[in-house]
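# Structure at a glance
Take a look at the letters that make up each chain.
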Amino acid sequence: MNISLEELKKYLRIDGSEDDDILTLLVNAAKEALKKAGVPESDSDLYKLAVMLYVALYYENRDPSTKMDKLNFAFESIVLKLKDYGGDTS
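Report on the accompanying structure. (Residues numbered from 1 in each chain as written. Predicted model: local features only at pLDDT ≥ 70, side-chain atom pairs only at ≥ 80, totals over all residues. Heavy atoms only, no water.)

## Quick word on the pattern of salt bridges
Counting across every chain of the model gives 4 salt bridges. Notably, a salt bridge pairs D20 with K9, separated by 3.0 Å at the nearest N-O pair. Of this pair, D20 sits in helix α2 (residues 20-36) while K9 sits in helix α1 (residues 5-12), and the two are 11 residues apart along the sequence. Taken individually, D20 and K9 each receive the classification buried, so the pair is uniform in this respect. A salt bridge links E41 to K31; the shortest N-O distance between them is 3.9 Å. Residue E41 is located in the loop between α2 and α3 (45-60), and its partner K31 is located in helix α2; the two are separated by 10 residues in the primary sequence. Among the residues examined, E41 registers a relative accessible area of 46% and is labelled partly exposed. (Salt bridge = Lys/Arg side-chain N within 4 Å of Asp/Glu carboxyl O. Helix = DSSP H or I, 4+ residues; strand = E, 2+ residues; numbered from the N terminus. Buried < 20%, exposed > 50% of the residue type's maximum accessible area, 1.4 Å probe, protein only.)

## Remarks on the packing of α2 against α3
Where α2 meets α3, the closest approach of the two axes is 9 Å, and the angle between their N-to-C directions is 125°. As summarised for this structure, α2 and α3 are arranged oblique, according to the angle between their axes. Read as a crossing pair, α2 and α3 show a hand that is right-handed. In this structure, α2 contributes I22, L23, L26, V27, A29, A30, K31, A33 and L34 to the contact, and α3 contributes Y47, A50, V51, Y54, V55, Y58 and Y59. Of the residues assigned to the contact of α2 with α3, the class counts are 15 nonpolar, no polar and 1 charged. (Axes fitted to C-alpha atoms, helices over the stretch in contact; angles between N-to-C directions. Parallel < 35°, antiparallel > 145°, perpendicular 65-115°, else oblique. Left-handed = near helix turned anticlockwise from the far one by under 90°. Contact = heavy atoms within 4.5 Å. Nonpolar A, V, L, I, M, F, W, Y, C, P; charged D, E, K, R; others polar.)

## A closer look at the packing of aromatic side chains
Applying the stated criterion to the full structure yields 2 aromatic pairs. Seen from their ring centres, Y54 and Y58 are 4.6 Å apart, and the 35° between their planes marks the pair as tilted. With Y54 and Y58 both in helix α3 and 4 residues apart, the pair spans about one turn of that helix. Take Y54: its relative accessible area is 13%, and that puts it in the buried class. When the centroid spacing of 5.4 Å and the interplanar angle of 55° are considered together, the rings of Y54 and F75 count as tilted. Residue Y54 is found in helix α3, and its partner F75 is found in helix α4 (residues 72-84); the two are separated by 21 residues along the sequence. For the pair shown, Y54 and F75 are each scored as buried. (Phe/Tyr/Trp six-rings, centres within 6.5 Å; stacked < 30°, edge-to-face > 60°.)

Right, here's the structure in full:
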């Protein structure tokens, strides 16, 4: 599953390339987090949305004092759906 930086930046409403390294790091972290949660990498749109949502959560809330419990509900909900279907939601 590949998400282009252009597609991700459109989702996040980011112009420019100064944060490309951070976004790449967050995409890789999202894939790792999903794998550790028992979700295999998939080409499904739901998997792609989970990665993009993870990136959005951690990109937009980089202040370490920010609590993201409420924001994580959407991500966790998608993870549970992906786990129920083994990553295949087609």
